[in-house]
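Topology and contacts: notes
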Amino acid sequence: MSSESRELLGIDPAELLFPFELKKQISCSLHLTNKTDEYVAFKVKTTSPKKYCVRPNNGIVAPRCTSDVLVTMQAQREAPPDMQCKDKFLVQSAIVKQDLEPKDITGDMFTKESGNVVDEVKLKVVYAPPQPTSLNEGSDEGLGSLSYQESTKGPRESETITSEPLVLISKLNEENNSAIQQNKKLQEDLDLLRRAIGSQHGGFSLGFVLVVAILGILLGFLINKR
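Residues numbered from 1 in each chain as written. Predicted model: local features only at pLDDT ≥ 70, side-chain atom pairs only at ≥ 80, totals over all residues. Heavy atoms only, no water.

Take the pattern of salt bridges next. Enumeration according to the criterion identifies five salt bridges in this entry. R64 serves as the salt-bridge partner of D37, at 3.0 Å between the closest nitrogen and oxygen. Here D37 is found in the loop between β3 (26-34) and β4 (39-46), whereas its partner R64 is found in the loop between β6 (58-61) and β7 (66-73), with 27 residues between them in sequence. For the pair D37 and R64, one class covers both residues: exposed. (Salt bridge = Lys/Arg side-chain N within 4 Å of Asp/Glu carboxyl O. Helix = DSSP H or I, 4+ residues; strand = E, 2+ residues; numbered from the N terminus. Buried < 20%, exposed > 50% of the residue type's maximum accessible area, 1.4 Å probe, protein only.)

Written out as structure tokens, the structure reads:
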């Protein structure tokens with residue numbers, strides 16, 4: 001049977017691409033599409049089983065349906081030389097009976113000796129630098145320039161913007177406190193004058209009346225200003 005007729009699963013993407021970052025778990029999805037009218041069992045293997053977590057690592061895909069496999073690379077403490085990865089994955093597939101359960105899948109099903117129609121696809125692992133994040137669109141050169149400016153000038157500009165409102169608020173608080181103190185003193189003086197007027201049995205001079213009137217006007221002005 002030709003290799004083309006034995007192609008049971010369409011696999012997308014054709015390679016496992018991981019945006020590599022140190023000390024961070026990174027995941028990549030595989031989409032397995034059954035190209036036949038039969039039930040197809042699959043099994044995913046890797047040359048570095050301790051480095052990757054595959055969920056599910058086997059299963060059954062119904063005719064003309066798709067199954068997703070999530071491959072997660074464990075956090076790495078160091079990057080490989082020149083960001084070149086030698087890890088490989090192998091996706092095995094075989095036509096099976098409809099009533100087969102995923103828990104009954106064994107490695108022997110994917111060998112030619114089993115009598116099943118089988119297929120194998122090898123996938124390589126590729127590391128790529130993490131994608132830069134930016135709110136503005138533009139060329140790669142523009143993004144790099146924007147990132148550099150934000151990292152070097154951003155904190156200083158934010159400090160200036162933040163400090164100006166604080167100075168204004170502090171100044172307003174001082175003026176408000178000063179007005180409160182003056183208002184309080186004028187109220188005390190006015191109370192003293194009122195008590196003095198009440199204690200007198202006779203009349204009082206025109207000058208005294210003017211002083212009381214001026215103090216009342218000043219007090220009203222300060223209260224309205226607040």
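Still to come is the rest of the account.
Strands sit in the order β2-β9-β8-β4-β6 across an open sheet of five strands; the sheet is mixed. Every interior strand has two partners, whereas the edge strands, β2 (16-19) and β6, have only one. Each neighbouring strand pair of the sheet contributes to a mean axis angle of 25 degrees, computed without reference to strand direction. Alignment of β4 against β6, held across four bridges, turns out to be antiparallel. Each bridged residue has a counterpart across the sheet, and for V40 the counterpart in β6 is V61. (Pairing = 2+ DSSP bridges. Axes fitted to C-alpha atoms, helices over the stretch in contact; angles between N-to-C directions.)

This part takes up the sheet that holds strand β5 (residues 52-55). Read across the sheet, four strands follow the order β1-β3-β7-β5 without closing on themselves; strand pairing throughout is antiparallel. Among the strands making up the open sheet, the edge pair consists of β1 (9-12) and β5. Ignoring strand direction, the axes of neighbouring strands in this sheet form an average angle of 20 degrees. Pairing of β1 with β3, which is carried by four bridges, proceeds in the antiparallel orientation.

Take the environment of V118 next. One can find V118 in strand β9 (residues 118-128). Judged by relative accessible area, which is 7%, V118 ranks as buried.

All right, on to the confidence of the model for the protein chain then. Detail in the predicted coordinates should be disregarded across regions flagged by low pLDDT. With 72% of its residues at a pLDDT of 70 or more, the protein chain has an overall mean of 78. The low-confidence segment residues 1-5, where pLDDT is below 50, has two contacts with residues more than four positions distant or belonging to other chains. A low-confidence stretch, residues 135-163 stays under pLDDT 50, and its non-local contacts, those more than four residues away or across chains, total seven contacts. (pLDDT = per-residue confidence, 0-100. Contact = heavy atoms within 4.5 Å.)

A word on the nonpolar core. One finds F18, Y52, V71 and F89 to be the most contacted residues of the largest nonpolar core, which totals 25 residues. For this core, the elements supplying multiple residues, two or more each, are β1, β2, β3, β4, β5, β7, β8 (88-96) and β9. With sequence-adjacent residues up to four places away left out, F18 is seen in contact with I26, S27, C28, Y52, V71, M73, V125, V126, Y127 and A128. (Core = buried A, V, L, I, M, F, W, Y, C linked by side-chain atoms within 4.5 Å.)

For the rest of this paragraph, the subject is the environment of K124. Inspection of the secondary structure assignment puts K124 in strand β9. Spatially, the C-alpha atom of K124 lies 6.2 Å from that of F89, the residues being 35 residues apart in sequence. Excluding anything up to four places from it in sequence, K124 contacts E15, L16, D87 and K88.

Before going further, it helps to spend a moment on the pairing of β4. Of the strand pairs in this sheet, β4 and β8 are connected by eight bridges, and their pairing is antiparallel. Opposite F42, over in β8, you have S93 as the bridge partner.

A word on the packing of aromatic side chains. The tally for this structure, following the rule as stated, stands at three aromatic pairs. Measuring from ring centre to ring centre gives 5.9 Å for F18 and Y52, while their planes differ by 40 degrees; the resulting arrangement is tilted. Taken as a pair, F18 in strand β2 and Y52 in strand β5 lie far apart in primary sequence, 34 residues in all. Summarising the burial analysis for this pair, F18 and Y52 share the class buried. Their ring planes at 40 degrees and their centres at 4.9 Å tell us that F20 and Y127 sit as a pair that is tilted. With F20 in the loop between β2 and β3 and Y127 in strand β9, this pair connects stretches of sequence that are 107 residues apart. (Phe/Tyr/Trp six-rings, centres within 6.5 Å; stacked < 30°, edge-to-face > 60°.)

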